[in-house]
Amino acid sequence: MSSIELRDLTVRYGRKEVVREFSETVRSGEWLGVIGPNGAGKSSLLQAVAGIVAAQGDVLVNGVSLSGRGRARRAALVAYVPQDPLLPDDMTGAEYVLLGRSPYIGYFATESRQDLEIVDAILQRLDLDQFCSRRLGTLSGGERQRLVIARALATEAPVLLLDEPTSALDIGHQQQALELVARLRRENGLTVISAMHDLTLAGMYSDRLCLLHEGNVVASGPADQVLQADTLAEFYGVRVTVHREPDGTVVVIPRREDLSS
Amino acid sequence: MQRPHPTSNAPTGRSPIGLGVVAVLMVIGAVLLGSMIGPAGPTWWRVPLALLDRLPLIAINSGVTESEWNIIWQIRMPRVVLAGIVGAMLSVAGASYQGVFRNPLVDPYLLGAAAGAGLGATIVFTVGREATASWPVDPAPTVAFVMALATVALTYLVGSAFGGVKSNVTLVLAGVAMVSLTTAVQTFLLQRNSEVVREVYSWILGRLSTATWADIKMVTPYVVVSTAVLLLHRRHLDVLRVGDEEASTLGIPVARIRLVVVIAATLGTAAAVAVSGLIGFVGLVVPHAVRLIGATSYRLLIPLTLAFGGAFLILADVPGRILTNPAETPIGVVTAFLGAPFFIILLRTRQVAR
């Protein structure tokens, strides 16, 4: 549906460049995984694309630049799921997902019947009907994360940005959330850019990985090229074994310090 | 079987229409009660009859004399109406402030509206009531109104100069600083002119008892504009509940909305304070009470706080007339005295319900 091109994106906090001239084109329907140690600039990069932090450079969706476009226009093209979304305890699931329709509602208008129908369809499709009148404060982490993804989906944006979508979830709910994104990508042709900590999961779900270190891209390509023991040792400072499953899955196993020596 | 439309359900399972009906009944009941009770005047049950009698096409012999009617219409009714307007204004401004600052402890005086109005009144009184007595218009409300707006404007300038639009915490802290500064100046002036302390305090502590139709005329345009703007922004306040950053990724111009809402709420609050003095606790307690009965979305909260806030202040104004008769208890004292325990009971109910 829609490709997204990041052109020479540079993000500065004060004098410090946290992302330096990041350029990448993500094809329509492709999933780009951004990995890198804490402070590498993954979140800043996604926030720059979402328009929350100021950045130099340009973001183009389907070849059209987002800079100079209105906020609502950007929101309708790029949906953003933050690492730590703020879910008001006493808001209901349906009210929350309906917020995703904001880019389409006029300044003084209220939601239309069509907006409600879209939200309804999404809740049903993601099997979230039962949460529509439940308060967010009463939901579990996995349920909340699915509602956040549902809200992003309600914007009908062709590009989905996920910042650490699984960091607060147990392994079962991690898989559930990522499978959901994978399914939506397949069914809606969403283009996905995600920042992830878990290297194995990142490699498993992304088409391509991009390793950031101190704001620079130091490796990029398919998982089995980027996830190399020596690369990870250099940029994460870890000792790992990289194991390849027969089906091509790359598994990164952290190793303990060698206790015998 | 057709599945019910999930989003059309009331947010809490409580019907918004039901809450609206309760709100309207509360207002009508409060107005009637407020007009029936007072130290002088006709027997209480004659008052509703006399009011009905004034309606077109209805003629009832209420047995109310002309002078009794004057007590109802010239003394009690302005007071009831002003209490309703001020209560509604302070409550809706409180709810809006809580929304844009995403802070449940905020009241409409946060950025210095009350402190500025207090200083304005103090200046007028220290300059001398004799000097201004011959003026065609009492300058105290006007000066209080202007000072309230000026203080909030200064808070906003200071806050956004150092915090940018990203941090509303800076704005709140700037408010704390401005309130301290303004109060310090006021205290200094009062200390130098201790003969006016009593007058200034009775001015500040709420003056619904001297309400006239002229006061109502003065405050109404500001309150109408302010509440209209706040009502138009209630959907935006709901989006802001997910935080500035997320709201902005949903296409909402966060900084502009915060500025517009603060200006509107401050305008109404300043007008209310200028005519009625400093009535505390209403702007904090009413929005929370309305949330606790089930209106958590701002779409519902904003209109309902208008009604419940008006009814609350009309009712809170009743005990002050009879308790310490003939002297009046200041309305600000009554609101805090009634509001605080009421609030604690509500909080307890919520704890139990969870």
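Conventions used here
- Residues numbered from 1 in each chain as written.
- Chains lettered and ligands numbered in written order.
- Predicted model: local features only at pLDDT ≥ 70, side-chain atom pairs only at ≥ 80, totals over all residues.
- Helix = DSSP H or I, 4+ residues; strand = E, 2+ residues; numbered from the N terminus.
- Rg over C-alpha atoms; globule rule 2.2 N^0.38 Å.
- Contact = placed C-beta atoms within 7 Å.
- Buried ≥ 20, exposed ≤ 12 C-beta atoms within 10 Å, placed from the backbone.
- Pairing = 2+ DSSP bridges.
- Nonpolar A, V, L, I, M, F, W, Y, C, P; charged D, E, K, R; others polar.
- Axes fitted to C-alpha atoms, helices over the stretch in contact; angles between N-to-C directions.
- Core = buried A, V, L, I, M, F, W, Y, C linked by C-beta atoms within 7 Å.
- pLDDT = per-residue confidence, 0-100.
- Parallel < 35°, antiparallel > 145°, perpendicular 65-115°, else oblique.
- Left-handed = near helix turned anticlockwise from the far one by under 90°.

The helix and strand inventory of chain B stands at 15 helices and zero strands. Radius of gyration (C-alpha) of chain B: 21 Å, near the 20 Å computed for a compact globule of 354 residues. With the C-alpha coordinates aligned to their principal axes, the bounding extent of chain B is approximately 70 × 65 × 40 Å. In chain B, the share of contacts with a sequence separation of at least 24, taken over all contacts with a separation of at least 6, comes to 78%.

This part covers the overall build of chain A. Assigned secondary structure in chain A consists of nine helices and 12 strands. Scaling as 2.2 N^0.38, a compact globule of 261 residues should have a C-alpha radius of gyration of about 18 Å, and chain A matches this with 19 Å. Taken along the three principal axes of its C-alpha coordinates, chain A extends 65 × 40 × 35 Å. In chain A, which comprises 261 residues, the share counted as buried stands at 43%.

Another aspect to go through is the sheet that holds strand β5 (residues 64–65) of chain A. The strand order across the open sheet built from four strands is β2-β1-β4-β5 (chain A), with neighbouring strands paired in antiparallel fashion. At either margin of the open sheet sits one strand with a lone partner, and together these are β2 (16–26) and β5 of chain A.

In this complex, chain B contributes 23 residues to the contact, which on the side of chain A involves 30 residues. At the level of elements, α10 (234–240) and α11 (244–249) of chain B are the ones that each hand at least two residues to the side of chain B that touches chain A. A per-element tally of the side of chain B that touches chain A places α11 of chain B first, with four residues. Along the lines of polarity and charge, the residues of the side of chain B that touches chain A split into eight nonpolar, 11 polar and four charged.

The next point concerns the pairing of strand β9 (residues 208–213) of chain A. Residues and elements named next belong to chain A. With four bridges joining them, strand β3 (residues 31–35) and β9 adopt parallel strand pairing. Bridge pairing in β9 places Ile35 opposite Leu211. Where β9 lies against strand β10 (residues 216–221), five bridges are found, and the strand directions are antiparallel. Each bridged residue has a counterpart across the sheet, and for Leu209 the counterpart in β10 is Gly221. Where β9 folds back on β10, the antiparallel hairpin that results is connected by two residues, among which Glu214 adopts a positive phi of roughly 50°.

Residues and elements named next belong to chain A. Taken together, six strands build an open sheet; the order of strands is β6-β7-β8-β3-β9-β10 and the sheet is mixed. This sheet does not close on itself; its edge strands, each paired only once, are β6 (78–81) and β10. Going across the sheet, the axis of each strand differs from the next one's by a mean of 15°, ignoring polarity.

Of all hydrophobic cores here, the largest spans 175 residues; its most connected members are Leu161 of chain A together with Ala148 of chain B. Ranked by residues supplied to this core, first place goes to helix α3 (residues 66–101) of chain B with 15 residues. Setting aside its immediate chain neighbours within four residues, Ala148 of chain B contacts Ala113, Gly116, Ala117, Gly120, Ala270, Val273 and Ala274 of chain B. Grouped together as the second largest cluster of nonpolar side chains are six residues, Met36, Val47, Ala50 and Leu51 of chain B included.

All names here are of chain B. Across chain B, pLDDT averages 85, with 92% of residues at or above 70. For residues 1–13, every residue scores under 50 in pLDDT, and the model assigns this stretch 25 contacts once sequence neighbours within four places are set aside. What the predictor reports for the complex is a pTM of 0.88 with an ipTM of 0.90.

Glancing now at the packing of helix α9 (residues 213–232) of chain B against helix α12 (residues 254–276) of chain B. All names here are of chain B. Following both chains from N to C, one finds α9 and α12 inclined at 160°, their axes separated by 8 Å at the closest point. If you check the angle between α9 and α12, you find them roughly antiparallel. The interaxial crossing formed by α9 with α12 has left-handed handedness. Across from Asp215, Met218, Val219, Tyr222, Val223, Val225, Ser226, Thr227, Val229 and Leu230 in α9, the residues of α12 making contact are Val260, Val261, Ala264, Ala265, Leu267, Gly268, Ala271, Ala272 and Val275. Here the residues of the contact of α9 with α12 sort into 15 nonpolar, three polar and one charged.

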